[in-house]
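Chain by chain, the residues:
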Amino acid sequence: MKTQVAIIGAGPSGLLLGQLLHKAGIDNVIVERQTGDYVLGRIRAGILEQITVDLLREAGVSEGVDAEGTVHHSIELVYKNIRRSIDVSGLTDGKVVTAYGQTEMTRDLMAAREKAGLTTIYSASGVSIHDFDGTRPSVRFEVEGQAKALQCDFIAGCDGFHGVCRASVPEGSITEYEKVYPFGWLGVLADVPPVSPHAIVYANSERGFALCSMRSMTRSRYYVQCPIDDKVEDWSDERFWNELRLRLDPDLASRIITGPSIEKSIAPLRSFVAEPMRFGRLFLAGDAAHIVPPTGAKGLNLAASDVKYLSSALIEHCIEKSDAGIDNYSQRALARVWRAERFSWWLTTLLHRFPGTGGFDQKVQEAELEYLVNSQAASRSLAENYVGLPLDFAE
Ligand code: RFL
Ligand code: PHB
């Protein structure tokens, strides 16, 4: 088998990259370790920056988000049992974020790929990548017990945090920066109307962080901070809803509509960056190169901006015969990655209860939240990061 770009991973990074390359006439094959249904079963992100929605549009896959996405103009912050709104749009010249599930976005991208007749190899086992430091890279794997080889010009490592691509880079060529947080998020998806259909609610409470989000007017996504070693079985639906209510202001708590969970999972929180993001003819994109704690809703959006930079670079190489884009890819992507890392770390630190947090730390968090909602300078800084920083910065 032969292709121009071998993409490892059929998550949002890999699928979006495949679509953008295809639109530009660049041949690509995706190799994914799981089945398509498994990939769709992972409930993750829900908030898209405008840049991400624009990219879906550019890829010709925006029908779903245009029809079903819910535009948010504000976020709400709960602290000291009160709730205050931040007018994100008003503070950013009208920018918005859109609630549309990663599951739905992935489904749309998979459907578009199938319709275009592009090759995706699911259930590939023992995937390995070779010779990306030379001019003729290749990918090897097994499908139904049969060994396969895929020759290519470039490899895009879109295989997430636990993937094979980053792990295949020689140790001395990569630097990893990591911070692991001492708690997790317990997430519940339920077919109930969202408590706050016009805003995402972030709560700081003495009992720990909570978040109210949505997927549609009939499907909601809620999270509570939990100890990292808790098990999903420890959390009955009833315990979850009770804990959520206790972390919100009384008005919002009284309005929550509860129902049986249709998914419940615990996610660890981590900040991680691998530098650089290019090794010869191998490029890392999305979670394969970096992780943010989900507090700022940045993970999927960073994956999308990496893909924007990478697709432009590969198109420039293949069509315009210029290497400027691929040579600059890592630096360009990392500039935006580190800004989102900073924002996600800051918001996580501000909103969560850390083990050993005393009265002083809680008071300082509350003072900062009060400052945030009352100072236009501070709320503008939050807003411009939340809607997504520009794709390029002056260095
Ligand atoms: P993915 O989604 O992990 O996809 C990688 C794919 O690669 C496959 N794979 C392999 N394939 C072949 N060979 C191998 N050896 C392979 N190893 C792995 C995997 O099976 C998988 O299909 O990475 P990608 O595409 O870079 O996408 C990143 C996003 O999934 C992630 O950043 C977001 O979900 C993060 N995130 C959020 N991001 C946002 O922008 N907004 C949000 O509101 C938001 N909320 C969240 C989140 C992540 C969460 N969790 C569970 C970590 C909320 C949560 C709770
Ligand atoms: C979600 O809807 O899953 C979501 C929303 C906002 C976040 C993280 C996750 O910051």
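As the structure is a prediction and not an experimental result, all values here were calculated from the model.

Novice: I keep staring at the overall build of the protein and nothing clicks. Help me out?
Specialist: Within the protein, the secondary structure is distributed over twelve helices and 20 strands. For the protein, buried positions account for 55% of its 395 residues. Sequence separation of 24 or more characterises 73% of the internal contacts of the protein that already satisfy a separation of 6 or more. Counting every atom, the protein has about 16700 Å² of accessible surface; 50% of that belongs to carbon and sulfur. Separation of charge centres in the protein, based on 41 positive and 51 negative side chains, amounts to 1 Å.

Novice: Can you help me understand the pattern of salt bridges in this one?
Specialist: A pair can form between side chains of opposite charge whenever their charged atoms are brought close. All chains considered together, the criterion is met by 20 salt bridges. Linking E370 and K80 is a salt bridge whose minimum nitrogen-to-oxygen distance equals 3.3 Å. Remark: K80 occurs in the loop between β5 (74-79) and β6 (82-86) and E370 occurs in helix α11 (residues 359-374); sequence separation between them is 290 residues. For E370, a relative accessible area of 30% gives the class partly exposed.

Novice: Could you clarify how one ought to interpret the packing of aromatic side chains in this entry?
Specialist: The geometry of an aromatic ring pair comes down to the distance between the two centres and the angle between the two planes. Scanning the model with the defined rule gives 13 aromatic pairs in all. A centroid spacing of 5.1 Å and a plane angle of 20 degrees characterise the contact between W185 and F209, whose relative ring orientation is stacked. With W185 in strand β13 (residues 175-190) and F209 in the loop between β14 (199-203) and β15 (210-216), the pair connects residues that are 24 residues apart, well separated along the chain. On the numbers, 5.5 Å between centres and 75 degrees between planes, the contact of F240 with W241 is edge-to-face. Taken as a pair, F240 and W241 share a single burial class, namely buried. Taken together, the aromatic side chains of W185, Y202, F209, Y223 and Y386 make up a single cluster linked through ring pairs. One cation-aromatic arrangement involves R281 over F154; the distance from NZ or CZ to the ring centre is 4.7 Å.

Novice: Just to check I follow, could you spell out helix α6 (residues 102-115) for this structure?
Specialist: The α-helix winds at 3.6 residues per turn, so residues separated by three or four positions along the chain end up facing the same way. The terminal C-alpha atoms of α6, which comprises 14 residues, lie 20 Å apart, in line with the 20 Å expected from a rise of 1.5 Å per residue. Of all 14 residues in α6, ten are buried, a share of seventy percent or more. Every buried residue of α6 is listed here: Q102, T103, E104, M105, T106, D108, L109, M110, A112 and R113.

Novice: How should I be thinking about the nonpolar core in this particular structure?
Specialist: Considering soluble globular proteins, one finds that nonpolar side chains tend to be buried as a cluster. Ranked by internal contacts, the top residues of the largest apolar core, which has 72 residues, are L16, V139 and F141. When residues of this core are assigned to their parent elements, the largest contribution, nine residues, is made by helix α9 (residues 299-319). Excluding anything up to four places from it in sequence, L16 contacts L55, L56, A59, L109, A304 and V307. Ranked by size, the runner-up nonpolar core spans 33 residues in total, among them W185, L372, A383 and Y386.

What counts, and at which threshold
- Residues numbered from 1 in each chain as written.
- Chains lettered and ligands numbered in written order.
- Predicted model: local features only at pLDDT ≥ 70, side-chain atom pairs only at ≥ 80, totals over all residues.
- Heavy atoms only, no water.
- Helix = DSSP H or I, 4+ residues; strand = E, 2+ residues; numbered from the N terminus.
- Buried < 20%, exposed > 50% of the residue type's maximum accessible area, 1.4 Å probe, protein only.
- Contact = heavy atoms within 4.5 Å.
- Areas by Shrake-Rupley, 256 points an atom, 1.4 Å probe, with all protein chains shown as cover.
- Lys, Arg positive; Asp, Glu negative; His and termini not counted.
- Charge placed at Lys NZ, Arg CZ, Asp CG, Glu CD.
- Salt bridge = Lys/Arg side-chain N within 4 Å of Asp/Glu carboxyl O.
- Phe/Tyr/Trp six-rings, centres within 6.5 Å; stacked < 30°, edge-to-face > 60°.
- Lys NZ or Arg CZ within 6 Å of the ring centre and 35° of its normal.
- Expected span 1.5 Å × (residues − 1).
- Core = buried A, V, L, I, M, F, W, Y, C linked by side-chain atoms within 4.5 Å.

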